[in-house]
Amino acid sequence: MTRTTARPAAPDVHALGEGPVWDPARQRLLWVDIVAGVVHEGALDAATGEITPTARHTFGTTVGAVAVAEDGELIVAEQAVLTRVDLAGRRTELARVLPPGRRSRLNDGAVDPAGRFLVGSLPQDDRQGEEVLVRLDGERVTVLDADLTVSNGLAWSPAGDVLYSVDTASGVVWARGYDPADGATGTREQAFTVTEGKPDGMCADAEGNLWVANWGLGRVEHRTPSGELLGTIETGAPHTSSVCFAGPALDTLVITTAVQGLTEPGPASGRLFTARADVPGLPLPYWRP
């Protein structure tokens, strides 16, 4: 098993940094600060691993996730709705996912191999087992799961025929068959359970293995689809929240962290980190509006 250490990539501190996404057409990185309600943009120096913030989009609610279309438009998961941000910055509500008054918010999201956007929710009270994972099919919201504790990271196999999804509070990483053509899914089965810390954001590499951020242990875990631990990347930030592959060669891991929930956050918490990967990541599909 390999163990490496990530390096701080930018000085800014985020309350709840999450959801990094690489946009290769514009060579830009996007990520969110959920509780601040901000979508950030930045430039990655692949040689040094440094990230320079370049723009920000502020919303009046929490922002759980962001994805990008081929032309550069954004889809943003606000507290309860999905919002489109066009190239002029105009915002249009695409769909309401959570009903008014529900004590939940949208959380992590990702684009499937056919360009559809998936997003899940988490509770903001003590309810358990009522959170959803949904997919935006055109203008229609399709529910894939409705029994989750905290819907979180999403990733697909290299062929796009397996969807992996995280349920953080239970520590489970689920797997199910997935047909990219029509979005049909197979039976959801437990791929593996993380017993130390909690699995959070996730991405996949070109070999079909998973990189899972561990909230509580301050690291990203490199695992096989059955859960075998191949290595770790340590951040020094206990609440390590998500990870993606970035850079022209997709060989730089960008890692987000948070200060939320820490009574005495250290100097590493809430910052962005980068690390060199020895295997490239899978290219992320563009969202298709």
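Structure shown above.
This one's a predicted model, so the numbers in the text were calculated from it and none came from an experiment.

**Q** Which residues make up the overall build of the protein, and what values do they have?
**A** Counting its secondary structure elements, the protein contains zero helices and 25 strands. For 289 residues, the compact-globule estimate of 2.2 N^0.38 gives 19 Å, and the C-alpha radius of gyration of the protein, at 17 Å, lies within 12% of that figure. With the C-alpha coordinates aligned to their principal axes, the bounding extent of the protein is approximately 40 × 40 × 40 Å. Looking at the protein as a whole, 58% of its 289 residues qualify as buried. Counting contacts in the protein only where the partners sit at least 6 residues apart, residues at least 24 apart contribute 46% of the total. If you sum the accessible surface of the protein, you get close to 11,600 Å²; carbon and sulfur atoms cover 50% of it. Of the charged side chains in the protein, 24 are positive and 38 negative; the average position of the first set lies 3 Å away from that of the second.

**Q** Break down the sheet that holds strand E14 (residues 140–148) for me, citing the residues and quoting the values.
**A** One open sheet accounts for four strands, arranged E11-E12-E13-E14; its pairing is antiparallel. Of all strands in the sheet, those bounded by a partner on one side alone are strand E11 (104–111) and E14. Across the sheet, the mean angle separating the axes of adjacent strands is 25° when strand polarity is ignored. Of the pairings in the sheet, the one linking strand E13 (residues 131–137) to E14 comprises six bridges and is antiparallel in character. Each residue of the ladder has a partner; that of Asp-137, found in E14, is Arg-140.

**Q** So what's going on with the pattern of salt bridges? Residues and values would help.
**A** The final tally for this structure, using the stated rule, is 18 salt bridges. A salt bridge links Asp-145 to Arg-188; the nearest nitrogen and oxygen atoms lie 3.4 Å apart. Of this pair, Asp-145 sits in strand E14 while Arg-188 sits in the loop between strand E17 (172–177) and strand E18 (189–193), placing them 43 residues apart in sequence. Taken together, the shared-partner salt bridges connect Asp-23, Arg-26, Arg-28 and Glu-41 into one network.

**Q** Got a sec to walk through the packing of aromatic side chains? Specific residues and values, please.
**A** Per the stated rule, a full pass over the model turns up two aromatic pairs. Consider the rings of Trp-156 and Tyr-178, whose centres lie 5.8 Å apart with planes at 75°: the pair is edge-to-face. In this pair, Trp-156 is assigned in strand E15 (residues 151–156) and Tyr-178 in the loop between E17 and E18, connecting sequence segments 22 residues apart. Grouping residues by exposure puts Trp-156 and Tyr-178 together as buried. Aromatic pair Trp-211 and Phe-245: ring centres 5.8 Å apart, planes at 90°, arrangement edge-to-face. Placement of the pair is Trp-211 in strand E20 (residues 210–215) and Phe-245 in strand E23 (residues 240–246), with a sequence separation of 34 residues.

**Q** I'd like a description of the pairing of strand E21 (residues 219–223), backed by residues and values.
**A** E21 sits mainly inside the fold: five of its five residues count as buried. Here E20 pairs with E21 via five bridges, running antiparallel. Across the sheet, Val-212 pairs through a bridge with Glu-221, a residue of E21. Here E20 folds back onto E21 in antiparallel fashion, the turn holding three residues, of which Gly-216 has a positive phi close to 125°. Following E21, the chain reverses through five residues before pairing antiparallel with strand E22 (residues 229–234); Gly-227 in that reversal takes a positive phi of roughly 105°.

**Q** An account of the environment of Ala-9 is needed here, citing residue identities and associated values.
**A** The topology assignment puts Ala-9 in the loop between strand E2 (7–8) and strand E3 (17–23). For Ala-9, a relative accessible area of 6% puts it in the buried group. Sequence spacing of Ala-9 and Val-81 is 72 residues, and the spatial spacing of their C-alpha atoms is 31 Å. Those residues within four positions of Ala-9 in sequence are excluded, and the remaining contacts are Gly-49, Glu-50, Ile-51, Leu-272, Phe-273 and Thr-274.

**Q** Describe in detail the environment of Gly-183, supporting the description with residues and values.
**A** Note that Gly-183 resides in the loop between E17 and E18. Through-space distance from the C-alpha of Gly-183 to that of Glu-207 is 23 Å; in sequence the pair is 24 residues apart. With residues up to four places along the chain from it excluded, the contact list for Gly-183 reads Arg-116, Arg-135 and Tyr-178.

**Q** Lay out the sheet that holds E18 in plain terms, naming residues and giving numbers.
**A** With respect to topology, four strands assemble into an open sheet ordered E15-E16-E17-E18, the strand pairing being antiparallel. The open sheet is flanked by E15 and E18, the only strands paired with a single partner. Neighbour to neighbour, the strand axes of the sheet diverge by 25° on average, direction disregarded. Of the strand pairs in this sheet, E17 and E18 are connected by four bridges, and their pairing is antiparallel. Of the residues in E18, the one forming a bridge with Trp-174 is Gln-190.

**Q** Lay out empty space enclosed by the protein with the relevant residues and their values.
**A** Applying the stated criterion across every chain yields a total of one cavity of 30 Å³ or more. Only E14, E15, strand E16 (162–167) and E17 provide two or more residues apiece to the lining of the largest cavity. Top element by residues in the lining of the largest cavity is E15. It accounts for four residues.

Reading guide: rules and limits
Residues numbered from 1 in each chain as written. Predicted model: local features only at pLDDT ≥ 70, side-chain atom pairs only at ≥ 80, totals over all residues. Heavy atoms only, no water. Helix = DSSP H or I, 4+ residues; strand = E, 2+ residues; numbered from the N terminus. Rg over C-alpha atoms; globule rule 2.2 N^0.38 Å. Buried < 20%, exposed > 50% of the residue type's maximum accessible area, 1.4 Å probe, protein only. Contact = heavy atoms within 4.5 Å. Areas by Shrake-Rupley, 256 points an atom, 1.4 Å probe, with all protein chains shown as cover. Lys, Arg positive; Asp, Glu negative; His and termini not counted. Charge placed at Lys NZ, Arg CZ, Asp CG, Glu CD. Pairing = 2+ DSSP bridges. Axes fitted to C-alpha atoms, helices over the stretch in contact; angles between N-to-C directions. Salt bridge = Lys/Arg side-chain N within 4 Å of Asp/Glu carboxyl O. Phe/Tyr/Trp six-rings, centres within 6.5 Å; stacked < 30°, edge-to-face > 60°. 1 Å grid on protein atoms, 1.4 Å probe; cavity = no way out; pocket = protein on both sides within 12 Å on 5 of 7 lines; lining within 4 Å. Points joined across faces, edges and corners; volume = space filled by probe spheres on them.

None of this, on its own, says anything about what the molecule does.
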